[in-house]
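Descriptive structure summary
Residue-level listing of the chains:
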Amino acid sequence: DIQMTQSPSTLSASVGDRVTITCRASQNINNWLAWYQQKPGKAPSLLIYKASTLESGVPSRFSGSGSGTEFTLTISSLQPDDFATYYCQQYDSFWSFGQGTKVEIK
Amino acid sequence: QVQLVESGGGLVKPGGSLRLSCAASGFFFSDYYMHWVRQAPGKGLEWISYISRDGDAIYYADSVKGRFTISRDNAKNSLFLQMNNLRVEDTAVYFCARASDFWFDYWGQGTLVTVSS
């Protein structure tokens, strides 16, 4: 099974900050990685797929990069609507998620 | 617009059964792969099952293999999850999710399953 590890688990930031979340895979997953945002009591929503392709309708302040085993999600200028939990997901071999990174208000 | 609406959750005793449904609308259901994903209270996301567009390929996470059965009825635009021999650790919100490729582009709002004596 492919294990996905995100860091940090919690991130405190302010509006306007540049935020980076890291996701590491236990083996090479090429670029078969997606990022999701989840707000409390809501379903996750897709942000990025194929490691760096922005889903339609997602603001351009979100970006993804990486390949192989290390990936990052960057929010260039944090907005009030961005305080949420973020999950990476691999789909190279079946599907599995990272444990999540909660972005909270500093 | 795309809608996925789960139903069938509730309180069940350990060892009991439940059948979850996911009603799809706003898109051509048979064109899409479908998944079930769950989230235990206060925890992260766990993928549990996949079914191909025509139902001929099915996969399960080890945690539910042999106890859960995924199925779909394309004529009724519906996805199902039959859950047998439920355990306390199966307590979670269960989401259905749509995939046109391998990532999940739409999710339902979820249905809560509570397994408790």
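Located above this text is the structure these notes cover.
Attention here is on the structure that accompanies the text. Think of each chain on its own: its residues are numbered from 1, step by step along the sequence as written. In the order they appear in the text, chains get letters beginning with A and ligands get numbers beginning with 1. Residues qualify for local features only when their pLDDT is at least 70, as the model is predicted, and side-chain atom pairs are given and counted only at 80 or more; totals for whole chains, interfaces and linings, by contrast, use all residues. Excluding hydrogens and water, the side-chain values take into account all heavy atoms of the structure.

1. Observations regarding the overall build of chain A
Just so we agree on the cut-off: Helix numbers and strand numbers start at the N terminus; a helix is a DSSP run of H or I with at least 4 residues, a strand a run of E with at least 2. In this treatment the radius of gyration is a C-alpha quantity, and the globule benchmark scales as 2.2 Å times the residue count to the 0.38 power.
For chain A, the count of helices and strands is zero helices and eleven strands. Its helices and strands taken in sequence order, chain A reads β-β-β-β-β-β-β-β-β-β-β from the N to the C terminus. Relative to the compact-globule value of 13 Å for 106 residues, chain A shows a C-alpha radius of gyration of 13 Å, a close match. Overall size of chain A, expressed as C-alpha extent along the three principal axes, is 35 × 25 × 25 Å.

2. Describing the nonpolar core
What counts here: Nonpolar core, defined: a set of buried Ala, Val, Leu, Ile, Met, Phe, Trp, Tyr and Cys residues in which side-chain atoms within 4.5 Å join the residues together. Residue exposure (1.4 Å probe, protein chains only): buried if accessible area is under 20% of the type maximum, exposed if over 50%, otherwise partly exposed.
Formed by 26 residues in total, the largest nonpolar core has its most connected members in B:Trp36, B:Phe68, B:Leu79, B:Leu81, B:Met83 and B:Tyr94. Of all elements in the fold, only strand 3 (18-25), strand 4 (33-39), strand 5 (45-51), strand 7 (68-73), strand 8 (78-83), strand 9 (92-99) and strand 11 (111-115) of chain B reach the threshold of two or more residues within this core. Ranked by the residues each element gives to this core, the list is headed by strand 3 of chain B, at four residues. One finds A:Ile2, A:Ala13, A:Leu33 and A:Ala84 within the second-largest nonpolar core, a separate group that totals 25 residues.

3. Comments concerning the sheet that holds strand 3 of chain B
Residue and element names in this part refer to chain B. Note the threshold: Strands are labelled as partners when DSSP assigns at least two bridges between them. All axes here are fitted lines through C-alpha atoms, helices being fitted over the stretch that makes contact, and every angle between N-to-C directions spans 0 to 180 degrees.
Read from one edge of the open sheet, four strands run 1-3-8-7, paired in antiparallel fashion. Unpaired on one side and paired on the other, strand 1 (3-7) and strand 7 mark the two borders of the sheet. Neighbour-to-neighbour, the strand axes of this sheet turn through a mean angle of 15 degrees, independent of strand direction. When strand 3 meets strand 8, the two strands line up antiparallel, connected through six bridges.

4. Describing the environment of B:Pro14
Residues and elements named next belong to chain B. Put simply, the rule is: Throughout, a residue-residue contact means that at least one pair of heavy atoms, one from each residue, lies within 4.5 Å.
Tracing the backbone through its elements, the reader meets Pro14 in the loop between strand 2 (10-12) and strand 3. It is 9.5 Å that separates the C-alpha atoms of Pro14 and Thr114, two residues lying 100 residues apart in sequence. Non-local contacts of Pro14, meaning those with residues more than four positions away in its chain, are made with Leu86, Val88, Val115, Ser116 and Ser117.

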